[in-house]
Structures are given as C-alpha cells and as structure tokens.
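Descriptive structure summary
One letter stands for each residue in the lines below.
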Amino acid sequence: MISPTSPEFSSSASDSAEKNIDLVSTQTDLRSSALDCLIQADARSKATDVQALRQAYLAQQLTLNARTQLTAPVEIPGRPLKPELVPPLGVKRRAMNTVEGRATLIHALAHIEFNAINLALDAIWRFSDMPDAYYSDWLLVAQEEAYHFTLLADHLVTLGFEYGDFPAHNSLWELAERTQDDVLSRMALVPRTMEARGLDATPALRAKIAQAGDQAAAEILDIILRDEIGHVAIGNRWFAYLCEQRQLEPIACFAQLAAQFRAPTLRAPFNVAARLAAGFTQQELNAMNIS
C-alpha cells in the first residue's frame, strides 16, 4: 500500500513533477503559489504542478505568509474547456457491462478528484490567519487528490477515452463558492459533508467496478478510500479547532451551517467505520442520524 503521507507517483508523473519544481518555486510564498496552481486550466498540468508545489514546500523553497490577504486576479478555478458542465441529472448513466459504461463512471470519479484538487488549493490561498499546520495539511490533501486524478485519468486512457470526453456536473465547487467567506463554513461542509459522502459511496462503487471485471479501477478506489479517510479527518480537525476558537458547540454549529448553506441531505448507506476512523464521534453521527 502507498503511504498516505508520501504518495508514490507513477514514474512519468514523478519525472514531470521534478521538471516543474523550479517553475513552481519561483513564487516565494506557498499561498500565492497555490493560487497560481488553482488558476491553471489544464487538468494534467494542474495535477503535476500541485505535486511539484508540495515538493518545493517540503524542500523549504517556499515561505508561508499566513497573514496576507490574497485576491484572485481572474475567475477561479481554472478548468479545461472540456468536460462540458451540465446539471447533475444531465450526467447520463450507462450499463457497467460495457467499456463505455465503465469509462463514464471512471470519468465522473476523475472529475470529482479534479474538483477536489481545486478545493484543497482554494482552502490554502483563500483563508488567512490559520496555523501553519492548516496550510501544510491542505497541501498534502491537494497532492493526494492530484495523485488520485492522475490514476483515474491514466486508467481512462486504457479504456480508450480521455478526461473531458463526457459531460460532468459542478455541484462540489458550487458548495465551495457558497462557503467562500468563512473558513468555518468551508471546513464544516466540504470535507465533513461532501468528502465524507465519498466515504459512504466508495465501497458500493468499488464492488460494482470489481464485478464488471475492472480490477485495476477497483484497486484505485482502494487507494482513494484510504486517503479520503485522512482528508475527512483533516476537515474534522480544523472544524473542531475553529469551533473551540469561536466557543461554538460543534454539533449545533454543524447543524446550523448545514441548514444555512443548503448542504446536501445525507442518505444511507453509510460507511460508519470509515467515518469513525476519520474522526467523527459517535455523538456526532447520532445527531446526523447516521447508523
């Protein structure tokens, strides 16, 4: 298994990251560099740049100025012209017993991971005055999401398709936009709601893919589930930190924010074991009617 704290990339991805590290590290500040990565429109280049960004930070080639208030110079996030973005119901489902059917599912997952890269980068540049560990945590998340995207995009190629060949929806980023004014709202609703929902959905998706005979894709989902537990744990950690700082009761605060920002309704089945491993308490799960 690949360590979640030091993802192993394919040789081509690793080589590309090394080639790009000097370009990324010409920025002196981590948060400014994260914004540059977020603006990058090409999906493959964004994934490579994020990998290089963390390498540069770990090599102490970047400083961290948590106090600076940054402003995005253009519309964010940068995204390729394809995939075409459509409403969630506009993303067609196809039978898993066909190559195209499996490809549409892999494509949907790749798009989720592409958005997850953007979300992690946005958490770094947008929110100031957080502890240094907050920024290093989300940089790790960004790198792992880039790794996941690359795995899925590469697998999609083996099926005869490319990322962008099918329509996709943008609901994950839409919730990020609604929570852009407050780090507490972002921590409450993106990692602890949207990413936590991924913990619930992945086992069934893995079973479906494995039953269709795509063992390579099933193994990718194993990696993603393992890493996403850590990502949700990071969201839980910083949500708890912010609630303590603001003297808020976490369970009541989460319920209020979920209602205020119209967070998606949680639906069974739930992966209770994964949620507990990611730092949810049993009391929190009971309050969410998760069992």
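Everything quoted here is computed from the prediction, not taken from an experiment.

Side note on the packing of aromatic side chains
Overall, the coordinates contain eight aromatic pairs when judged by the stated rule. Relative to Tyr135, the ring of Tyr134 has its centre 5.0 Å away and its plane inclined at 90°; by these criteria the two rings are edge-to-face. This pair shows no difference in class: Tyr134 is buried, exactly as Tyr135 is. An aromatic cluster is defined as three or more aromatic residues linked by ring pairs; in this entry it consists of Tyr134, Tyr135, Trp238 and Tyr241.

Looking at unusual backbone geometry
Each neighbour pair has its own omega, and for Ile76 with Pro77 the value is -5°, a cis peptide bond. One can find Pro77 in the loop between helix 3 (43-58) and helix 4 (99-126). A cis amide bond links Ala268 to the next residue, Pro269, at an omega of 5°. Positionally, Pro269 belongs in the loop between helix 9 (250-260) and helix 10 (272-277). Phi at Gln247 is positive, roughly 55°, even though this residue is not glycine.

Remarks on the confidence of the model for the protein
As a note on interpretation, predicted positions should not be read in detail where pLDDT is low. In this model, the protein carries an average pLDDT of 89, and 91% of its residues clear a pLDDT of 70 or more. Low pLDDT (under 50) marks residues 1-25, which in the prediction has 44 contacts with non-local residues, meaning those over four places away or in another chain.

Brief notes about the side chain of Thr202
As for its placement among the helices and strands, Thr202 is situated in helix 7 (residues 183-211). Take Thr202: its relative accessible area is 11%, and that puts it in the buried class. A distance of 2.6 Å separates a polar atom in the side chain of Thr202 from the backbone oxygen of Gly198. Excluding residues that lie within four positions of it along the chain, Thr202 makes contacts with Leu221 and Leu225.

Section: the pattern of salt bridges
Counting across every chain of the model gives ten salt bridges. Among the ionic pairs, Asp200 bridges to Arg197, the shortest N-O distance being 3.4 Å. Here the residue Asp200 and the residue Arg197 both occupy positions in helix 7, the gap between them amounting to three residues, near one helical turn. Accessibility expressed as a relative area gives 5% for Asp200, which makes it buried. With a shortest N-O distance of 2.7 Å, Arg206 and Asp222 are connected by a salt bridge. Here the residue Arg206 occupies a position in helix 7, and Asp222 occupies one in helix 8 (residues 215-245), the gap between them amounting to 16 residues. Relative accessible area serves as the criterion here: at 25%, Arg206 is assigned to the partly exposed category. Residue class for Asp222 comes out partly exposed when judged on its relative accessible area of 30%.

Reading the values: the criteria
- Residues numbered from 1 in each chain as written.
- Predicted model: local features only at pLDDT ≥ 70, side-chain atom pairs only at ≥ 80, totals over all residues.
- Heavy atoms only, no water.
- Phe/Tyr/Trp six-rings, centres within 6.5 Å; stacked < 30°, edge-to-face > 60°.
- Buried < 20%, exposed > 50% of the residue type's maximum accessible area, 1.4 Å probe, protein only.
- Helix = DSSP H or I, 4+ residues; strand = E, 2+ residues; numbered from the N terminus.
- pLDDT = per-residue confidence, 0-100.
- Contact = heavy atoms within 4.5 Å.
- Polar contact = N/O pair within 3.5 Å; in protein donor to acceptor, adjacent residues only side chain to side chain.
- Salt bridge = Lys/Arg side-chain N within 4 Å of Asp/Glu carboxyl O.

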